[in-house]
Amino acid sequence: MNKRLTFKLIGKVLMVEAALMAVPLVVSLLMGGGDAPAILISMAITMAVGGLLSLLRPRNDNLRAREGFAIVALGWILVSFFGGLPFFFHGSIPSLVDCFFEATSGFTTTGSTILTDVEALPKGLLFWRSFTHWVGGMGVLVLSLALIPKMGARSIHLMRAESPGPSMDKLVPRVGNNARILYRLYIALSALMLIALLCTGVNLYDSLIHMFGAAGTGGFSNYNLSVGALNNPAAEIVIGVFMALFGVNFSVYYFLLRRNWRASLGNSELHAYWAILLGSTLIIAFNILPQAGDFLTSLRLSFFQVSTIMTTTGYATTDFNLWPQLSRTILVMLMLIGSSAGSTGGGIKVVRLQLLCKSMVREIRRTVHPRSVNTIRFDGRAVDESVISSTLAFFFAYIFVLLASTLIVSLDGFSFETNFTAVVATLSNIGPGLDMVGPMGNFSQFSDLSKIVLSLCMLIGRLEVFPILMLAAPSAWRKY
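None of these values were measured; they are calculated from a predicted model. (Residues numbered from 1 in each chain as written. Predicted model: local features only at pLDDT ≥ 70, side-chain atom pairs only at ≥ 80, totals over all residues. Heavy atoms only, no water.)

Visitor: Describe the packing of aromatic side chains, naming the residues involved and giving the relevant values.
Guide: Summed over the entire model, instances satisfying the criterion amount to 23 aromatic pairs. Consider the rings of Y186 and F246, whose centres lie 6.1 Å apart with planes at 90 degrees: the pair is edge-to-face. With Y186 in helix α10 (residues 175-199) and F246 in helix α12 (residues 233-246), this pair connects stretches of sequence that are 60 residues apart. Of the two residues examined, Y186 and F246, each falls in the buried class. Arranged with centres 6.2 Å apart and planes meeting at 40 degrees, the rings of F246 and F250 form a pair that is tilted. Take F246 and F250: they sit in the same class, and that class is buried. Here a set of aromatic residues connected by ring pairs shows up, and it is made of F107, F127, W128, F131, W134, Y186, Y205, F212, F246, F250 and Y253. (Phe/Tyr/Trp six-rings, centres within 6.5 Å; stacked < 30°, edge-to-face > 60°. Helix = DSSP H or I, 4+ residues; strand = E, 2+ residues; numbered from the N terminus. Buried < 20%, exposed > 50% of the residue type's maximum accessible area, 1.4 Å probe, protein only.)

Visitor: Tell me about the pattern of salt bridges, residues and numbers included.
Guide: Overall, the coordinates contain 8 salt bridges when judged by the stated rule. We note a salt bridge from E102 to R129, for which the minimum N-O separation is 2.8 Å. Linking E102 in helix α6 (residues 96-107) with R129 in helix α7 (residues 123-138), this pair joins segments that are 27 residues apart in sequence. In terms of burial, E102 and R129 fall into one category: buried. Of the charged contacts, one joins E363 and R366 as a salt bridge, the two residues approaching to 3.2 Å between their closest N and O atoms. One end of the pair, E363, and the other, R366, are both in helix α19 (residues 350-368), 3 residues apart, so they sit about a helical turn from each other. Since its relative accessible area comes to 40%, E363 is described here as partly exposed. Within this structure, K349, R352 and E464 form a network of salt bridges that share partners. (Salt bridge = Lys/Arg side-chain N within 4 Å of Asp/Glu carboxyl O.)

Printed below as a string of structure tokens:
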């Protein structure tokens, strides 16, 4: 491995993170709260470490797949660590493990929290906490590529390692241009949501906080009762709709703007995504009707929670932990499915579910007709066997991490529902689970060991399993 190049590029990413801390610093200075010194110290430390790493002189600029995956994995771990320093220096979160958990939850757009009283944090730290969602939604390294086009040769490996989904379609030939196109779409959709929230009467600060959470499909709010504290049905609908829109593959929007109707509206993953989301909404709406009182209320509550869970955002307007068992079971299933590939959401992804179903059907056909030739097709094109193989490997690795993590977290002695859904919620980057970690609960009672495991689950889920697991492979670190 080209270690000097790896850490040099990680240093540049840390410098980008330090520059981003200037935004909450300005908010802190404008709104007060006494958190400006903590943010400034964290900014200086992050910039210093990043600057020192960026001074490394590699023997060559050959960026291979292993370096790309290592940069993404180590970069996200370090970004999360340094991103938690403002909470530590301010003293609002005195434990470094808790700071790492909170920052990791922010950057990975998970939304799980160890805070028991969110509203006690000063405005600057609350802003930084939610701003990490917006930064991490499209990807920290994708942002770095957009800002630093010459960050490294063959940087497609960085985008592939960080972008969610079984494959990364290139919109234009140059990787840096791809990154800039994605962020332009991301900024445009974020701005539309901000304007829509302001039109519902939500103030600018609250609108920004909830826009960051919905755009990054993260779910951090500046209120203990999450979106429910706004007590604004119109804002609730706006947030619900935009969460669903941010769960769509961003290439769909690009092709839509280019008037490539077949590549955008003809996308089969898009059809499956909306079918699952709307179908689940209707089933749950009828299931909770006795509790809601009227169908419009139950439909509004159902749509918001299905949208927030399937897009792995994690906002809440009601305690769905009290809903009937059918509704809760559907929500857990949606936690595992997740949103579309190439979106800001987490989970296994709809396209992988489609490929797994097609693989199952093909194996059944082979059993009935052993000599038949069955090619899996997606959107009219034959799917390469390597994609099917990687999808199956991802699914096995995902389930393995899920079961192993649940086993370790179970050492804390909480209920199976708490332990299992806590791991699902972090691995799928959702935020809330059920029982103790429900929408009105938090993760503060877990031990430091469990918090570290759950933090790693967030990173594993956000980076699609393999970049983090690759760090444990000795062969990845050998010189060549």
